[in-house]
Amino acid sequence: MKIMAALSDMILPLVIVYILAYGYSRKINVYEEFIEGAKDGFKIVLEILPTLIGLMMAVGILRASGTLDIISNAIAPVAERIGFPKEAVPISIMRLVSSSASTGILLDIFKTCGPDSFTGRFVSVMMSCTETVFYTMSLYFMSVKITKTRYTLAGALVANIAGIAASLILCRSLWG
Amino acid sequence: MLNYLWGAMIFIGILIAAFTGRLADVTNGAVSSAKEAVAVSITMLGVMSMWTGIMRIGERAGVMAAMTKRLRPFLKWLFPDVPEGHRAMDHIAANVIANFLGLGWAATPAGLMAMEELQSLNKHKDRASRAMCMFMIFNMSSLQLVSINIIAYRTQYNSANPSEIIGPGIITTLVSTAAAIAFGKLMEAIE
């Protein structure tokens, strides 16, 4: 378990050192490029912001109306039998459909349960190893006009369910 | 998709609030959430810009090109139907590396071009080829090394250690990607 903590602590510094060293070895003006790149970050966040407002507003309504609790409680008996936090049920479903909507629910969980609660940690890990399946599939296949997608959906679901299961097992062993 | 999903979330929420007598809470919920989105974005602005800044150095220095080269043997094994030196492979490699580094905005255009090239190799134009199925499943298994946005969100909500999820995130991503490849290869063997 100490290895896991070490890995978490080391990855970002390692990536930064590696890229900086690589940049210097190729005689890149690293500082100037960093500033240029940081400007792109501004553009990305500004592009995300309206989406985030729209989705957080919708999730805020779902939360305040009690709808999220109704969904969680409906499936709670099944979820809790396998040790799945019931608050994480709506986000696990939404994750497959929309990246921004699931981000809205993620932030809602951070707000209500806290990012360091078991549920907060579990959804953080789960979001890291899953992908929006339905949106990606329709975008990619529609762009080349493919209608028969064969076993793609089944495969994507298998991969994402494996990721969710692995997150649950790993988080339980790390943080109980 | 979001066009209906978003509206449905709002309609269902308000409808249920009307039944449970929580309409005042809904008003507050909507307004405070919209406000909060801006607070989250300000934290995101810092973390995201740091990441894109670092990645820009990597791009300029040729880190991505070097990674593409190292990825080639693996991709050749993953996509045996794509001929040697075909452009599809370059786009697939670009998409995989962009996903790996968490550069979602660069991943999508490369991914769409990869699909276009794979379609040019496809015999049945309305039916996904083996390579397409594998590419899509692999792509949707999540390939991202570090979810920098999740770390930013955790920071915003005062986590004591926002980056503690990186290690578990890498391990679980490996699991989901391994499951994707295993499933894809299994289906190829069956068919």
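Analysis parameters
Residues numbered from 1 in each chain as written. Chains lettered and ligands numbered in written order. Predicted model: local features only at pLDDT ≥ 70, side-chain atom pairs only at ≥ 80, totals over all residues. Helix = DSSP H or I, 4+ residues; strand = E, 2+ residues; numbered from the N terminus. Buried ≥ 20, exposed ≤ 12 C-beta atoms within 10 Å, placed from the backbone. Axes fitted to C-alpha atoms, helices over the stretch in contact; angles between N-to-C directions. Parallel < 35°, antiparallel > 145°, perpendicular 65-115°, else oblique. Left-handed = near helix turned anticlockwise from the far one by under 90°. Contact = placed C-beta atoms within 7 Å. Nonpolar A, V, L, I, M, F, W, Y, C, P; charged D, E, K, R; others polar. Expected span 1.5 Å × (residues − 1). Bend = angle between axes of the 7 residues up to and from the residue. pLDDT = per-residue confidence, 0-100. Core = buried A, V, L, I, M, F, W, Y, C linked by C-beta atoms within 7 Å.

**Comments concerning the overall build of chain A**
Consideration 1: Along its length, chain A carries eight helices and zero strands.
Consideration 2: Tracing chain A from N to C terminus, the helices and strands come up as α-α-α-α-α-α-α-α.
Consideration 3: For chain A, the C-alpha atoms occupy an extent of roughly 60 × 50 × 35 Å along the three principal directions.
Consideration 4: The buried share among the 176 residues of chain A stands at 47%.

**Topic: the packing of helix H8 (residues 152-175) of chain A against helix H8 (residues 166-190) of chain B**
Consideration 1: Axis separation between H8 of chain A and H8 of chain B bottoms out at 8 Å; the angle between their running directions is 150 degrees. Overall, the two elements H8 of chain A and H8 of chain B adopt an arrangement that is roughly antiparallel. Where H8 of chain A crosses over H8 of chain B, the two elements pack in a sense that is right-handed. From H8 of chain A, Gly155, Val158, Ala159, Asn160, Ala162, Gly163, Ala166, Ser167, Leu170, Cys171 and Leu174 of chain A reach across to H8 of chain B, where they touch Pro168, Ile171, Thr172, Val175, Ser176, Ala179, Ala180, Phe183, Gly184 and Met187 of chain B.
Consideration 2: The residue makeup of the contact of H8 of chain A with H8 of chain B, split by class, is 14 nonpolar, seven polar and no charged.

**Comments concerning the interface of chain A and chain B**
The extent of an interface is frequently quoted as the accessible surface area lost upon association of the parts.
Consideration 1: At the junction of the two partners, chain A supplies 89 residues and chain B supplies 84 residues.
Consideration 2: Listed by contribution, the elements that provide at least two residues to the side of chain A that touches chain B are helix H1 (2-25), helix H2 (30-65), helix H5 (99-112), helix H6 (118-128), helix H7 (133-143) and H8 of chain A.
Consideration 3: Among the elements that line the side of chain A that touches chain B, the one with the most residues is H2 of chain A, at 26 residues.

**As for helix H2 (residues 23-61) of chain B**
All names here are of chain B.
Consideration 1: Here H2 spans 55 Å end to end across 39 residues, near enough to the 57 Å set by a 1.5 Å rise per residue.
Consideration 2: Maximum bend of H2: about 30 degrees, positioned at methionine 44.
Consideration 3: Positive backbone phi, at 90 degrees, marks glycine 62, one or two positions downstream of H2.

**Describing H2 of chain A**
Residue and element names in this part refer to chain A.
Consideration 1: In a regular helix each residue adds 1.5 Å, so 36 residues correspond to 52 Å; H2 covers 50 Å between its end C-alpha atoms and thus fits that length.
Consideration 2: At leucine 49, H2 shows its largest kink, close to 30 degrees, and the proline proline 50 lies no more than four residues downstream.
Consideration 3: Immediately beyond the C-terminal end of H2, within one or two residues, lies glycine 66, with a positive phi of roughly 90 degrees.

**Quick notes on unusual backbone geometry**
Consideration 1: In the Ramachandran plot, lysine 27 of chain A falls in the positive-phi region, its phi being about 55 degrees despite a non-glycine side chain.
Consideration 2: Looking at where lysine 27 of chain A falls in the secondary structure, it is placed in the loop between H1 and H2.
Consideration 3: Taking the C-beta count within 10 Å as the criterion, lysine 27 of chain A has 8 such neighbours and is therefore assigned exposed.
Consideration 4: With a phi close to 70 degrees, serine 142 of chain B is a non-glycine residue in the positive phi region.
Consideration 5: Locating serine 142 of chain B in the fold gives a position in the loop between helix H6 (130-139) and helix H7 (148-156).

**Things to note about the confidence of the model for chain B**
Residue and element names in this part refer to chain B.
Consideration 1: Confidence in the prediction for chain B averages 93 pLDDT; 99% of positions are at 70 or higher.
Consideration 2: Element-level pLDDT for chain B is lowest in helix H5 (residues 104-121), with a mean of 91, against a maximum mean of 98 in H6.
Consideration 3: Note on the complex model: pTM 0.91, ipTM 0.90.

**Considerations on the environment of isoleucine 169 of chain A**
All names here are of chain A.
Consideration 1: Locating isoleucine 169 in the fold gives a position in helix H8.
Consideration 2: Among the residues examined, isoleucine 169 registers 13 C-beta atoms within 10 Å and is labelled partly exposed.
Consideration 3: Spatially, the C-alpha atoms of isoleucine 169 and glycine 83 are 9.1 Å apart, while their sequence positions differ by 86 residues.

**Here's the deal with the packing of helix H4 (residues 89-97) of chain A against H5 of chain A**
Residue and element names in this part refer to chain A.
Consideration 1: Across the interface, H4 lies against H5 with an axial gap of 8 Å and an inter-helix angle of 155 degrees. Between H4 and H5, the angle falls in the class roughly antiparallel. Seen from above, H4 lies across H5 with left-handed handedness. Note on element contacts: H5 touches H4 through Ala101, Ser102, Ile105, Leu106 and Ile109, opposite Pro90, Ile91, Met94, Arg95 and Val97.
Consideration 2: The residue makeup of the contact of H4 with H5, split by class, is eight nonpolar, one polar and one charged.

**Details of the environment of leucine 62 of chain A**
Consideration 1: Here leucine 62 of chain A shows up in helix H2.
Consideration 2: Through-space distance from the C-alpha of leucine 62 of chain A to that of alanine 162 of chain A is 28 Å; in sequence the pair is 100 residues apart.
Consideration 3: In this view, leucine 62 of chain A contacts Thr67 and Leu68 of chain A together with Met9 and Gly13 of chain B; residues no more than four positions away in its chain are not counted.

**Observations regarding the nonpolar core**
Consideration 1: In terms of nonpolar packing, the biggest core is built from 103 residues, with Ile61, Leu106 and Ala159 of chain A together with Phe135 and Ile137 of chain B touching the most fellow members.
Consideration 2: At 14 residues, the largest contribution of residues to this core is made by H2 of chain A.
Consideration 3: In this structure isoleucine 61 of chain A touches Met9, Ile10, Gly13, Ile14, Val26, Gly29 and Ala30 of chain B, once residues within four positions along its chain are discounted.

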